Amino acid sequence: YNQFLNRKLPVIVDTNNLMLVLVSVPGLRTIIDKSGELLTNGRIKIVDEDVNVEKDKDYQEYKDDPLYELIHRPNPLQSHAEFMQQWILMRDIYATSLIYKTKAYKGAFPSQLMVMPSGEMKINPTGLLFDQTKIEGIIKEYIHINSQEPNAYPRIFDPNDIMRYVDGPTDRYYFGISKLITNKLLVSNIQQALVTRNVLITDMGARGILSNDQPDMKPLGKKEQTRMEKDFRNEYGNGEDQKKILITNSKLRFQAITVPVKDLMVFEEVESCYSMLCDIYGLQRQIFSD
């Protein structure tokens, strides 16, 4: 409505679908992918509690521990790196990562771990928040609503079967507040700057007016003007079979009606917003290309 009723209002990306925001803004996707990539480069070891892996050289590593196997092969669909990449993705987009622990029975060691799609998860609170000492006293259940299958029934999860991680401030201690919502102006400016550049490249419109500078020249009729514009567009241009220079005996005058691209500051705007997003997600701007 902002775009149609009042163009003076800013054009903001729709943050109701945060995953769509991610896949539609190239720079944002690059930053979040890099965040997950850096984390997956780390190695996870299981050692004794009093071991300092940086100082101690001779220490025992328990690779046969069930937890080691679970971390390095969390589920049949994902490797450790893929699992961590998805976990970081949910954290950076939704500020909330939920991991489902599959168990054969209550109290059993988990047989697999699955990162839940945070955008499809809902929390059903008990209505009690303070003076509670157990998670089930605060959260009654987690509910998964499958957006890919509209006819699928909601899946209900016990709060003890879900590991919950919240990044940053929370809304009543349940879900985190996404950084994309807080910084939607930065993301919107990047998207609009890229759209502007695309329009300038593909459809700049008229660059200027080429007119006859003779005072006694009669104005062209609409039909003749259309014909001349069509002929000029077909004959002159950047194509291999098109002419690059117009040579004529007529006294002509060219008046530019375009704005220089550098005056629009679209490149500077993208760089400024991109650098701020790097700061927000804790990454050095220098690790990305210019």
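These figures come from a predicted structure and were not determined experimentally. (Residues numbered from 1 in each chain as written. Predicted model: local features only at pLDDT ≥ 70, side-chain atom pairs only at ≥ 80, totals over all residues. Heavy atoms only, no water.)

## Some details on the sheet that holds strand β5 (residues 155–157)
Pairing between the strands of a sheet is mediated by backbone hydrogen bonds and can be parallel or antiparallel. The test is simple: A pair of strands is labelled paired if DSSP reports no fewer than 2 bridges between them. Segments assigned H or I by DSSP are reported as helices when at least four residues long, segments assigned E as strands when at least two residues long, and all are numbered from the N terminus. Structural elements are reduced to axes, namely lines fitted to C-alpha atoms, with helices fitted over the stretch in contact, and the angle between N-to-C directions of any two is expressed from 0 to 180 degrees.
Overall, antiparallel pairing links the three strands, which are arranged β3-β4-β5 in an open sheet. Strand pairing shows two members of the sheet lacking a second neighbour, β3 (121–125) and β5, which therefore form its edges. Strand-to-strand twist of the sheet, defined as the mean angle between neighbouring strand axes without regard to direction, takes the value 30°. Of the strand pairs in this sheet, strand β4 (residues 139–144) and β5 are connected by three bridges, and their pairing is antiparallel. The partner of Ile 143 across the bridge, within β5, is Ile 156.

## A short note on the pairing of strand β2 (residues 112–115)
This is how the line gets drawn: When accessible area is computed with a 1.4 Å probe and restricted to protein chains, residues below 20% of their type maximum are described as buried, those above 50% as exposed, and intermediate ones as partly exposed.
Every second residue of β2 is oriented toward a common face, the buried set being Leu 113 and Val 115 and the non-buried set Gln 112 and Met 114. Where strand β1 (residues 96–102) meets β2, four bridges bridge the pair, whose relative direction is antiparallel. Counterpart to Ile 99 in the pairing with β2 is Val 115.

## Some words on the packing of helix α3 (residues 26–40) against helix α5 (residues 80–94)
Rule in force here: Geometric relationships in this document are graded by angle, where less than 35 degrees denotes roughly parallel, more than 145 denotes roughly antiparallel, 65 to 115 denotes roughly perpendicular, and other angles denote oblique. Two helices crossing with the near one rotated counterclockwise from the far one by less than a right angle form a left-handed crossing, whereas a clockwise rotation gives a right-handed crossing. Throughout, a residue-residue contact means that at least one pair of heavy atoms, one from each residue, lies within 4.5 Å.
Where α3 meets α5, the axes come as close as 9 Å, and the angle between the chain directions of the two elements is 140°. Here α3 lies oblique to α5, going by the angle between them. Note on packing geometry: the crossing formed by α3 with α5 is right-handed. Two secondary-structure elements touch here, α3 through Ile 32, Asp 33, Ser 35, Gly 36, Glu 37, Leu 39 and Thr 40 and α5 through Ala 81, Met 84, Gln 85, Trp 87, Ile 88, Leu 89, Arg 91, Asp 92 and Ile 93.

## Things to note about the layout of surface pockets
Definition in use: Cavity: a set of points on a 1 Å grid over the protein atoms alone where a 1.4 Å probe fits but cannot get out. Pocket: an open set with protein on both sides within 12 Å along at least five of seven lines, its lining residues, like those of a cavity, having an atom within 4 Å of a point. Grid points are joined across faces, edges and corners, and a volume is the space filled by probe spheres set on the points.
Quantified by volume, the second largest pocket comes out at close to 500 Å³. Around the second largest pocket, the lining comprises 21 residues; the ones closest to its centre are Leu 18, Tyr 94, Ser 118, Gly 119 and Glu 120. Listed by contribution, the elements that provide at least two residues to the lining of the second largest pocket are α2 (18–24), α5, β3 and β8 (175–176). In terms of residues, the lining of the second largest pocket owes the most to one element, α5, which gives three residues.

## Looking at the sheet that holds β2
Read across the sheet, three strands follow the order β2-β1-β6 without closing on themselves; strand pairing throughout is antiparallel. Each of the sheet's edge strands pairs with one partner strand only, and the pair in question is β2 and β6 (162–166). Neighbouring strand axes in the sheet, compared pairwise and without regard to direction, differ in orientation by 20° on average. In the packing of α5 onto the sheet, the strands contacted are β1, β2 and β6, and the crossing angle to β1 comes to about 140°.

## Let's talk about the nonpolar core
How we decide: What is meant by a nonpolar core is a set of buried Ala, Val, Leu, Ile, Met, Phe, Trp, Tyr and Cys residues, joined one to another through side-chain atoms within 4.5 Å.
Grouped together as the largest cluster of nonpolar side chains are 30 residues, with contacts concentrated most on Leu 28, Ile 31, Ile 93, Leu 180 and Val 187. Only α2, α3, α5, β2, α7 (184–202) and α10 (266–280) provide two or more residues apiece to this core. Residue contributions to this core peak at seven residues, all from α5. Apart from the residues within four sequence positions on either side, Ile 31 is in contact with Tyr 274, Leu 277, Cys 278, Tyr 281, Leu 283 and Phe 288.

## Side note on unusual backbone geometry
Unusually for a residue other than glycine, Ala 95 sits at a positive phi of about 65°. Following the sequence through the fold, Ala 95 ends up in the loop between α5 and β1. Located in the positive-phi region is Asp 131, a residue other than glycine, with phi close to 65°. Turning to its location among the elements, Asp 131 is positioned in the loop between β3 and β4.

## A word on the packing of aromatic side chains
The cut-off we apply is this: Classification of ring pairs uses Phe, Tyr and Trp, with its six-membered ring standing for Trp, and accepts pairs whose centres are within 6.5 Å; under 30 degrees between planes counts as stacked, over 60 as edge-to-face, and the remaining range as tilted.
Applying the stated rule across the entire model yields three aromatic pairs. Residues Trp 87 and Tyr 165 carry aromatic rings whose centres are separated by 5.3 Å and whose planes lie at 50° to one another, so their mutual orientation is tilted. Placement of the pair is Trp 87 in helix α5 and Tyr 165 in strand β6, with a sequence separation of 78 residues. Looking at Trp 87, the relative accessible area reads 16%, which means it is buried. Geometrically, the ring pair formed by Tyr 274 and Phe 288 is edge-to-face, given 5.7 Å between the ring centres and 85° between the ring planes. Here Phe 288 lies in the segment after α10 and Tyr 274 lies in helix α10, a separation of 14 residues in the sequence.

## Digging into the pattern of salt bridges
The cut-off we apply is this: When a carboxyl oxygen of Asp or Glu lies within 4 Å of a side-chain nitrogen of Lys or Arg, that pair is called a salt bridge.
Per the counting criterion, the structure on display carries five salt bridges. In this structure, the salt-bridge partner of Lys 34 is Glu 37, at a minimum N-O distance of 3.6 Å. Of the two residues, Lys 34 and Glu 37 both sit in helix α3, three residues apart, roughly one turn of that helix. The partner of Glu 271 in a salt bridge is Arg 285, and the shortest N-O contact between them spans 2.8 Å. Placement of the pair is Glu 271 in helix α10 and Arg 285 in the segment after α10, with a sequence separation of 14 residues. Residue classification places Glu 271 among the partly exposed positions, given a relative accessible area of 34%.

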